[in-house]
Amino acid sequence: MTLRSLFIPITLLLVIAFLIGPFLIIVAASFSAGETLAFPPQGFSLRWIAKVFTVESFRASFGMSLFLAIGGTAAALILGIPASYALSRYKLPGAEIVRTVVSAPIIVPGIIVGLALLRYIVVPFQVGITLALFLAHTALVLPYAVRVVSASLDNLRSDIEEAAVLLGSSRLGAFFRVVMPNIRGGIMSAFILGFVTSFNQVPVSLFLSGPGVRTLPVDMIAYMEIVFDPSVAALSSLLAFLSIGIVFVAERFLGFSRYV
Amino acid sequence: MSDASYLSLEKLTLAYGDSVAVANLDLNIRKGELIALLGPSGCGKTTTMRAIAGLLAVKSGHVRLDGADITRVPANKRAVGLMFQSYALFPHLSVYENVAFGLKLKGMRGPELETKVQSGLKSVGLSTFANRKPAELSGGQQQRVALARSMVMEPKVLLLDEPLSNLDARLRLEMRTELQRVQKETGVTMIFVTHDQAEALALADRIVVMKSGKIEQIGSPEDIYNRPTSSFVADFVGFENIFPLENGKMKTSAGLIDLSGKPPSAAGLAWRPRMVSLGTGPFQGTVRGTSFAGDSREYLLDTSLGPIKAEVEASQPAHALGADLFFDLPPEKAAPLLRFV
Ligand SMILES: Nc1ncnc2c1ncn2[C@@H]1O[C@H](COP(=O)(O)OP(=O)(O)OP(=O)(O)O)[C@@H](O)[C@H]1O
Ligand SMILES: [Mg+2]
């Protein structure tokens, strides 16, 4: 074998190592029997995995993250589905501008979005922390919702709506009877993508979290500043496997990757 | 409402924004008639159909159907069916559910619905396909589902926008017969759009030829085929030798030519290639091209009148390229054109 023919396999291995390596290290570290977060792990135990479930603040912040991920994504879809529909079906003036503005949070760093929300919305209008987080997560997920839903709408011919109307349905009725059922896969995919994005979101939440109200990732950072034990690694592993499970199921049943 | 105007378009003007696509269109259609809308791409056929269906707002003028002015009636309350070129079946519903869609919206339920849908499917020969999804059907079968879906609604008018253009030649012929049969059995008034003059001639009771948003000629297939009234229609239905008349004389590149026995007061004359007699005659030309079409042979002649196309039986002896031939344009065979455009 020449060096040349080894080049591609080696590059591939390196890429995989860089992508998967850190994850494997975290997973290994969560089974450590030692007192501090370390790699290679000292011994083997499930004590840190068990501990995750006993930390009170983790349970509260997990609840908060779950609420934001589900509620924020649902709200983003409620706004995003009609918006995508209007963008794809009507030749609106400035539709391109709207598309760009809506997708801005994908491009703009989270830190800036968080700061802007804090400085110009939360502080001046005295918005409560939970509401602020909810609004922020909705705004963050919205671009993904619009993108994914738009993609599945663009795959759907608009003449089926006209066919439905000519068979006696109203325009709105046609939307619910023939458009929604045909973009269900796209909506589910948008939901999962939005959920994962929201759940893993750090910078914006960091800015907006306040006393007693935190999302799980922010809480993990705070925890690590005080206690440096492997329970954070254990929690990360659990979350990673949860995400992988969700995406796997989504891909299996919805053809998730078609829309993303 | 008189019998002759079951569906009538009166001074219908349709526009996209400021650009007018159809201007001042007048058309009266009898109940049970099968009308073909024929014309080149972009002449406004689809636009007219969409306005009749209510999918496009009318700019001015009126659409009347069965005695009522439906110009402002929304599309879902018109009892007008439309078959799309793409079929527009609902991909998430089975064949059965596709056909039942409109009936359910009418509030039909239970055994009545079942009977109606089954008989609709039976009439297009798809009873055994009721549980399939549209994606599991061939193009011709999808077309039949679309037809059944429209027909079970018992529309007053069924519009078909190039219904056969997505099918291969054999299926086309089959669907053509199918459409004719359904029309005869139900007596539904039908308007179908086509690019294909053979299709229009074969199917229609009357043909409407359109050109840039206006009607150029309306007539029976025989009228359109044999007696086109304008140079545009003549050209469209295959008269390839067309000359304007000036002061009663034929205007050619060789100057004005007086044809004896020509019909009076026409604006032009047109001959099909088959109407040109080759071999004898007052004119002369050189063979520039020839093509063989099975039972006939076509020649392109270079003549002092300009290029002339002639067609003769293939059993006649063939002429070689470059041969000089005499020919005649018999005036009594020519179609007199009232308008030269
Ligand atoms: N959605 C639209 N917006 C603007 N102009 C349009 C639109 N649809 C059609 N037109 C214009 O209106 C005119 C008539 O179009 P129409 O679709 O009715 O033609 P058609 O006779 O059906 O042609 P074809 O045989 O190609 O289907 C054309 O000049 C076309 O460019
Ligand atoms: Mg068209």
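Worth saying up front: this structure is predicted, and the values here are computed from it rather than measured. (Residues numbered from 1 in each chain as written. Chains lettered and ligands numbered in written order. Predicted model: local features only at pLDDT ≥ 70, side-chain atom pairs only at ≥ 80, totals over all residues. Heavy atoms only, no water.)

Undergrad: Please set out the overall build of chain B residue by residue, giving values where relevant.
TA: When helices and strands are counted, chain B shows eight helices and 19 strands. For chain B, the C-alpha atoms occupy an extent of roughly 75 × 45 × 35 Å along the three principal directions. When contacts within chain B are restricted to residue pairs at least 6 apart in sequence, those whose partners lie at least 24 apart make up 65%. A total of about 15200 Å² of accessible surface is found on chain B, and carbon and sulfur atoms cover 50% of it. Separation of charge centres in chain B, based on 39 positive and 36 negative side chains, amounts to 6 Å. (Helix = DSSP H or I, 4+ residues; strand = E, 2+ residues; numbered from the N terminus. Contact = heavy atoms within 4.5 Å. Areas by Shrake-Rupley, 256 points an atom, 1.4 Å probe, with all protein chains shown as cover. Lys, Arg positive; Asp, Glu negative; His and termini not counted. Charge placed at Lys NZ, Arg CZ, Asp CG, Glu CD.)

Undergrad: Pulling in residues and values, what's your account of the interface of chain B and chain A?
TA: On the side of chain A, 18 residues touch chain B, which itself brings 19 residues to the contact. Each partner contributes to the roughly 1600 Å² buried at the junction of chain B and chain A, and carbon and sulfur atoms together form 69% of this total. Of all residues in chain B, B:Asn76, B:His92 and B:Leu105 give up the largest surface area on contact with chain A, accounting jointly for 31% of the area buried on that side. Across the chain B-chain A interface, the total number found is one salt bridge. Residue B:Arg50 pairs with A:Glu162 through a salt bridge whose shortest N-O separation is 2.7 Å. Joining chain B to chain A, the criterion identifies six residue pairs in polar contact (both at pLDDT 80 or more). Of all the secondary structure elements, the ones that give two or more residues to the side of chain B that touches chain A are α1 (45-53), β6 (80-83) and α2 (95-105) of chain B. For the side of chain B that touches chain A, the element with the most residues is α2(B), which contributes three residues. Taken together, the residues that form the side of chain B that touches chain A break down as 13 nonpolar, four polar and two charged. (Buried area = accessible area lost by both parts, 1.4 Å probe. Salt bridge = Lys/Arg side-chain N within 4 Å of Asp/Glu carboxyl O. Polar contact = N/O pair within 3.5 Å; in protein donor to acceptor, adjacent residues only side chain to side chain. Nonpolar A, V, L, I, M, F, W, Y, C, P; charged D, E, K, R; others polar.)

Undergrad: Describe helix α4 (residues 95-107) of chain A, listing the residues and the values that go with them.
TA: Residue and element names in this part refer to chain A. With 13 residues, α4 should cover 18 Å at 1.5 Å per step; its first-to-last C-alpha distance of 18 Å lies within 8% of that length. Remark: the principal bend of α4, roughly 30°, maps to Val101, with a proline, Pro105, within the next four residues. Those residues of α4 lying buried are Ala95, Val102 and Ser103. Each element contacted by the buried residues of α4 is listed here: α3 (56-89) and α6 (129-154). (Expected span 1.5 Å × (residues − 1). Bend = angle between axes of the 7 residues up to and from the residue. Buried < 20%, exposed > 50% of the residue type's maximum accessible area, 1.4 Å probe, protein only.)

Undergrad: So what's going on with the site of ligand 1? Residues and values would help.
TA: Residue and element names in this part refer to chain B. The immediate surroundings of ligand 1 are formed by Tyr16, Ala21, Ser41, Gly42, Cys43, Gly44, Lys45, Thr46, Thr47, Glu162 and His195. A distance of 3.4 Å is found between a nitrogen atom of ligand 1 and a side-chain nitrogen or oxygen belonging to Tyr16. Between an oxygen atom of ligand 1 and a main-chain N or O atom of Gly44, the distance comes to 3.0 Å. Take the shell around ligand 1: its biggest share by element is three residues, from α1. Here the residues of the shell around ligand 1 sort into three nonpolar, six polar and two charged. (Near = heavy atom within 4 Å.)

Undergrad: How would you explain the sheet that holds strand β11 (residues 241-246) of chain B if you had to name every residue and give the values?
TA: Residues and elements named next belong to chain B. Here we have five strands laid out as an open sheet, ordered β13-β12-β11-β14-β19, and antiparallel in their pairing. In this open sheet, the two edge strands, each paired with only one partner strand, are β13 (255-257) and β19 (335-337). Put simply, the sheet's adjacent strands are angled 35° from each other on average, direction ignored. Summarising the sheet, strand β14 (residues 268-271) and β19 pair through three bridges and their orientation is antiparallel. From the neighbouring strand, Leu269 faces β19, where its bridge partner is Pro336. (Pairing = 2+ DSSP bridges. Axes fitted to C-alpha atoms, helices over the stretch in contact; angles between N-to-C directions.)

Undergrad: Just give me the short version of the domain arrangement of chain B, but keep the residues and values in it.
TA: Residue and element names in this part refer to chain B. Entries for chain B in the domain assignment read domain 1 (3-233) and domain 2 (240-337). Summarising the inter-unit geometry, the C-alpha centres of domain 1 and domain 2 are found 39 Å apart. Contact with domain 1, which involves six residues of that partner, is made by six residues of domain 2. Between domain 1 and domain 2 lies a buried interface of about 460 Å² when both sides are counted; carbon and sulfur atoms form 52% of it. Area buried by domain 1 at its contact with domain 2 is led by Tyr225, Pro228 and Ser231, which between them contribute 75% of it. At the junction of domain 1 with domain 2, the criterion picks out zero salt bridges. Inspection of the region where domain 1 meets domain 2 yields one residue pair in polar contact (both at pLDDT 80 or more). (Domains from an automatic or database assignment.)

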